[in-house]
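Notes for the structure review
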Amino acid sequence: MNKKRLLLAEDDELLASLLSFRLNKGGYDVLHVPDGKRVKEELSEDLPDIIVSDIMMPYFSGIELIDYVRNELSSKIPIIIISSAGNEENVLSAFELGANDFISKPVSPSELIVRVARELNKT
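So, here is what we can say about the structure in this document. (Residues numbered from 1 in each chain as written. Predicted model: local features only at pLDDT ≥ 70, side-chain atom pairs only at ≥ 80, totals over all residues. Heavy atoms only, no water.)

Re the overall build of the protein chain
Scanning the protein chain for helices and strands turns up five helices and five strands. Secondary structure elements of the protein chain occur, N-terminal to C-terminal, as β-α-β-α-β-α-β-α-β-α. Of the roughly 6500 Å² that the protein chain leaves accessible, carbon and sulfur atoms contribute 49%. (Helix = DSSP H or I, 4+ residues; strand = E, 2+ residues; numbered from the N terminus. Areas by Shrake-Rupley, 256 points an atom, 1.4 Å probe, with all protein chains shown as cover.)

Put into structure tokens, the structure is as follows:
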């Protein structure tokens, strides 16, 4: 069985390493990108099965990413947003633009794995 491909957009290297490690152990093929510019480059080459993205990233925010995926790429790829900026405005913007889920930091890797599996099982 092929591993599901997950794009992790997170500029915090330590958090990204932890999440990548746990997601890999959970059976996912993780591609970590540290900023929004690289996210767009990766998405233009190949689409993953799911995207997990921070809201606050250099060059291209998680909110802009959702808009890009839903409107410019016309894709229904599941998108889970993670952010320490879990204020109501960010959460509402993310959901209005088409995010599938939102997790406030600090992120529990175990919870993230459960939520990723849940979103992938919907498709």
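From this point, the discussion proceeds with the structure in view.
Description of the environment of Leu92
When you line up the elements, Leu92 lands in helix 4 (residues 88–97). Looking at Leu92, the relative accessible area reads 41%, which means it is partly exposed. The spacing of Leu92 and Ile50 is 42 residues in sequence and 20 Å in space, taken between C-alpha atoms. (Buried < 20%, exposed > 50% of the residue type's maximum accessible area, 1.4 Å probe, protein only.)

Observations concerning the pattern of salt bridges
Taken as a whole and assessed by the stated rule, the structure comprises eight salt bridges. Its salt-bridge partner being Lys105, residue Glu10 comes within 3.2 Å of it at the nearest N-O pair. In this pair, Glu10 is assigned in the loop between strand 1 (4–9) and helix 1 (13–25) and Lys105 in the loop between strand 5 (101–104) and helix 5 (109–122), connecting sequence segments 95 residues apart. Judged by relative accessible area, which is 23%, Lys105 ranks as partly exposed. For the salt bridge of Arg115 with Asp101, the shortest nitrogen-to-oxygen distance reads 2.7 Å. Here Asp101 lies in strand 5 and Arg115 lies in helix 5, a separation of 14 residues in the sequence. (Salt bridge = Lys/Arg side-chain N within 4 Å of Asp/Glu carboxyl O.)

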